[in-house]
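Analysis of the macromolecular model
Spelled out, the chains give:
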Amino acid sequence: MTDALTAKAGELDHADPLDGYRERFAVPDGVIYLDGNSLGALPAATPARLAQVVRGEWGEGLIRSWNPDGNGGAGWIDLPQRLGAKIAPLVGAAPHEVIAADSTSVNLFKLIAAALAMNPGRKTILSEPGNFPTDLYMIAGLEAQGLATRRLAPREGLAEALDGDVALLLLTHVHYKTGAMHDMAALTSAAHAAGALVLWDLSHSAGALPVHLNRCNADFAVGCGYKYLNGGPGAPAFAFVAERHHDALSQPLTGWMGHAAPFAFTDDYAPAPGVARLLCGTPPVLGLAALEVGVDIVAEIGVVRLYAKSQALSEFFRECLRDLGVVLELVSPVEPDRRGSQLSFRHPDAYALSQALIARGVIGDFRDPDILRLGFAPAYLRFADMAAAAHHLAQVLAGQEWRREEFARRAAVT
Ligand SMILES: *Cc1c(COP(=O)(O)O)cnc(C)c1O
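Residues numbered from 1 in each chain as written. Predicted model: local features only at pLDDT ≥ 70, side-chain atom pairs only at ≥ 80, totals over all residues. Heavy atoms only, no water.

Observations concerning helix α8 (residues 285-301)
Rules: In DSSP terms, a helix is any run of H or I states spanning at least four residues, a strand is any run of E spanning at least two, and both are numbered starting from the N terminus. Expected helix span is taken as 1.5 Å per residue step, with the number of steps being one fewer than the number of residues. Using a 1.4 Å probe on the protein chains alone, a residue whose accessible area is under 20% of its type maximum counts as buried, one over 50% counts as exposed, and one in between counts as partly exposed. By definition, residues are in contact when any of their heavy atoms lie within 4.5 Å.
With 17 residues, α8 should reach 24 Å at 1.5 Å per residue; the first-to-last C-alpha distance of 25 Å fits that figure. The buried fraction of α8 is high, at 12 of 17 residues. Looking at α8, one finds that the buried residues are Val285, Leu288, Ala289, Ala290, Leu291, Glu292, Val293, Gly294, Val295, Ile297, Val298 and Ile301. Those residues of α8 that are buried are in contact with α2 (46-60), α3 (79-87), β2 (98-101) and α9 (303-323).

Structural notes on the pattern of salt bridges
Worth spelling out the cut-off: By salt bridge we mean one thing: a side-chain nitrogen of Lys or Arg within 4 Å of a carboxyl oxygen of Asp or Glu.
Taken as a whole and assessed by the stated rule, the structure comprises 25 salt bridges. In this structure, the salt-bridge partner of Lys86 is Glu292, at a minimum N-O distance of 2.8 Å. Of this pair, Lys86 sits in helix α3 while Glu292 sits in helix α8, and the two are 206 residues apart along the sequence. Using a relative accessible area of 7% as the deciding quantity, one classes Glu292 as buried. With a closest N to O distance of 3.7 Å, Asp368 and Arg410 form a salt bridge. Of the two residues, Asp368 is situated in the loop between β12 (365-367) and β13 (371-375) and Arg410 in the segment after α11 (383-398); the sequence distance between them amounts to 42 residues. The class for Asp368 is partly exposed, based on a relative accessible area of 47%.

As for the pairing of β13
Here is the rule: At least two DSSP bridges between two strands are needed for those strands to be called paired.
Across the five residues that make up β13, a large majority, five, are buried. The alternating pattern of β13 places Ile371, Arg373 and Gly375 on one face and Leu372 and Leu374 on the opposite face, and all of these are buried. Linkage of β12 to β13, two consecutive antiparallel strands, is achieved through a turn of three residues.

Section: the packing of helix α10 (residues 350-359) against α11
To keep it simple, the criterion reads: The angle between two axes is taken between their N-to-C directions and runs from 0 to 180 degrees, where each axis is a line fitted to C-alpha atoms and a helix contributes only its stretch in contact. Any angle between 65 and 115 degrees counts as roughly perpendicular, while under 35 counts as roughly parallel, over 145 as roughly antiparallel, and the rest as oblique. Crossing handedness is read from the near helix: turned anticlockwise from the far helix by less than a right angle, it gives a left-handed crossing, and turned clockwise, a right-handed one. By the convention adopted, Pro, Cys, Tyr, Trp, Phe, Met, Ile, Leu, Val and Ala count as nonpolar, Lys, Arg, Asp and Glu as charged, and the other residues, Gly among them, as polar.
Following both chains from N to C, one finds α10 and α11 inclined at 125 degrees, their axes separated by 10 Å at the closest point. Taken together, α10 and α11 sit at an angle that is classed as oblique. The two elements α10 and α11 meet at a crossing, and its hand is right-handed. Judged by residue contacts, Leu353, Ala356 and Leu357 of α10 engage His392, Leu393, Val396 and Leu397 from α11. Each residue belonging to the contact of α10 with α11 can be placed in one class, and the counts come to six nonpolar, one polar and no charged.

A closer look at the packing of aromatic side chains
So the rule is basically this: Only Phe, Tyr and Trp rings are paired, with Trp represented by its six-membered ring, and only when their centres lie within 6.5 Å; those with planes under 30 degrees apart are stacked, over 60 edge-to-face, the remainder tilted.
Under the defined criterion, the tally for this structure stands at 11 aromatic pairs. Judged by centre distance (5.8 Å) and plane angle (85 degrees), the ring pair of Phe263 and Phe265 falls under edge-to-face. With respect to class, Phe263 is no different from Phe265; both count as exposed. A ring pair is formed by Phe317 and Phe345, whose centres lie 6.4 Å apart and whose planes are at 55 degrees; its orientation type is tilted. Of this pair, Phe317 sits in helix α9 while Phe345 is found in strand β10 (residues 342-346), placing the two residues 28 residues apart along the sequence. We classify Phe317 as buried; its relative accessible area is 1%. Through a chain of ring-to-ring contacts, three or more aromatic side chains come together here, namely Phe25, Tyr33 and Tyr380.

Points about the site of the ligand
How we decide: We call a residue near a molecule or strand as soon as one heavy atom of that residue lies within 4 Å of the molecule or strand. We define a polar contact as two N or O atoms separated by no more than 3.5 Å, with the added condition that, inside protein, one atom must be a possible hydrogen donor and the other a possible acceptor, whereas residues neighbouring each other in sequence contribute only through side-chain atom pairs. Surface accessibility in these figures is a Shrake-Rupley result with a 1.4 Å probe; residues are shielded only by whichever protein chains are displayed.
Around the ligand lies a shell formed by Ser103, Thr104, Ser105, Phe132, Thr134, Asp135, Thr172, Asp201, Ser203, His204, Tyr226 and Lys227. One of the backbone N or O atoms of Thr104 is found 3.5 Å from an oxygen atom in the ligand. A distance of 2.6 Å separates an oxygen atom of the ligand from a polar side-chain atom of Ser105. For the ligand, the accessible surface in isolation is 390 Å², of which the surrounding protein chains cover 87%. Contributing elements (two or more residues each) for the shell around the ligand: α4 (104-118) and α5 (133-144). Its residues placed into classes, the shell around the ligand shows two nonpolar, seven polar and three charged.

Side note on a nonpolar patch on the surface
Rules: Only residues whose relative accessible area exceeds 30% and that form no salt bridge enter a patch; like-charged residues are grouped when within 9 Å of one another, and nonpolar side chains (Val, Leu, Ile, Met, Phe, Trp, Tyr) when within 5 Å.
On the surface, Val54, Trp58, Leu62, Ile63 and Leu286 cluster together to form a nonpolar patch covering roughly 510 Å² of accessible area. The exposure class assigned to Ile63 is exposed, which follows from its relative accessible area of 70%.

A word on the side chain of Gln251
Relative to the helices and strands, Gln251 resides in the loop between β8 (237-241) and α8. Overall, the relative accessible area of 6% leaves Gln251 in the buried class. In this structure the side chain of Gln251 is engaged in a polar contact, spanning 2.9 Å, whose partner is the backbone oxygen of Arg277. Sequence-distant contacts of Gln251, that is, excluding residues within four places in its chain, are made with Lys110, Arg277, Leu278 and Leu279.

A short note on the side chain of Asn37
Note that Asn37 resides in the loop between β1 (32-33) and α2. Relative accessible area serves as the criterion here: at 0%, Asn37 is assigned to the buried category. Leave out the neighbours within four places in its chain, and Asn37 touches His204, Lys227, Tyr228, Gln342, Arg373 and Gly375.

Considering the sheet that holds β12
An order of β9-β10-β13-β12 is seen for the four strands of this open sheet, with the pairing classed as antiparallel. Of all the strands in the sheet, the pair left with one neighbour each is β9 (329-330) and β12. The sheet contact formed by β9 and β10 spans two bridges and is antiparallel. Of the residues in β10, the one forming a bridge with Glu329 is Arg346. Taken strand by strand, α9 contacts β9, β10 and β13, and its axis lies near 35 degrees from that of β10.

Regarding α11
Taking 1.5 Å per residue as the helical rise, α11 with its 16 residues ought to reach 22 Å, and the 23 Å between its terminal C-alpha atoms agrees with that figure. Among the 16 residues that make up α11, 12 are buried, leaving the element largely enclosed by the rest of the structure. Where α11 is buried, its residues touch α1 (3-15), β1, α9, α10, β11 (362-363) and β13. In the stretch just after α11, Gln400 is the one whose phi turns positive, near 50 degrees.

Listed below in structure tokens is the structure:
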């Protein structure tokens, strides 16, 4: 590594107001973790919080813990709403417009179906080719029931594809593969002008950058709990519904937890007021408790500071690559404010390249067919990590280390 880069990284870390937050995460020694966009790192406080929920709230409190805090309860029953209210300011929503529940996939299903029901006479769901697979697949079940028709149009053609048949525009705000960011305000307003509703997938935005759902007049959103929100593997996801749609909101997974009075045990379904009707079954308390720790850290740091650091990290990483003479095709937008918190590079052997980097402790990932994806979760990465990761990448490329046979074998999860 050049001395100048190391020295500059040290200065940037020294001046970084978020530098202290790295200690709030348990990043293993010897690992440079560039995959927080896929599975966020473990917050240092999570194990103790989970132990407390398991031993105290479950072990000692038993069924009493479902009840509100105070009377011997631990407030489990309100966790989906409480957590939703904490996620809301991170995505530009009001506290009562967000709920933590289910997976992103399941929330997509509920909200796509809800949008179709709100826009009678229209069946078309418009999205883009190459959107995250589950976003496209979740339309298929509704198509099979004759309720929906999928239409895909390339990014540049989305506005023109919004005709009188489109019930819903369904897009991922920050593209999982390229990191390219859509103009949420412009596309939302184009969809509304065409009489369509909009559902934004914030999986690669929430906790990484400021999102302004209400300022953009968005109708619906979903997002992931285990990426930049650090909720842990398979963490519950979240869903947003703009307040103006709360009374009309009707979704098909009419489970008892979304009932207006679940403990009245009546035979007929009646939806709970507001976003609570998005609940289906019993909330996963352990998952929600872990997610709360991750969300609390993000909220404490603030998405504006996180995004500023993410841009500084990725720009410094590119500077290091330039300095080290690394030439790789950047697939992500060059302008930092047009991308999320990642840089994606194209390489014909991107898989082997990602494996060779992992062998050196630099954990990024591979996305089919030829993308090396490096995520810059700003809460726990240092500028020194950028310099070191760039150095490893330069060495792997210069020594053609990725050509080694062991790096070609594909694992089940890439
Ligand atoms: C990660 C991700 C998901 C995840 O969906 P799950 O139901 O949690 O598996 C959905 N959409 C996008 C855009 C993602 O990046």
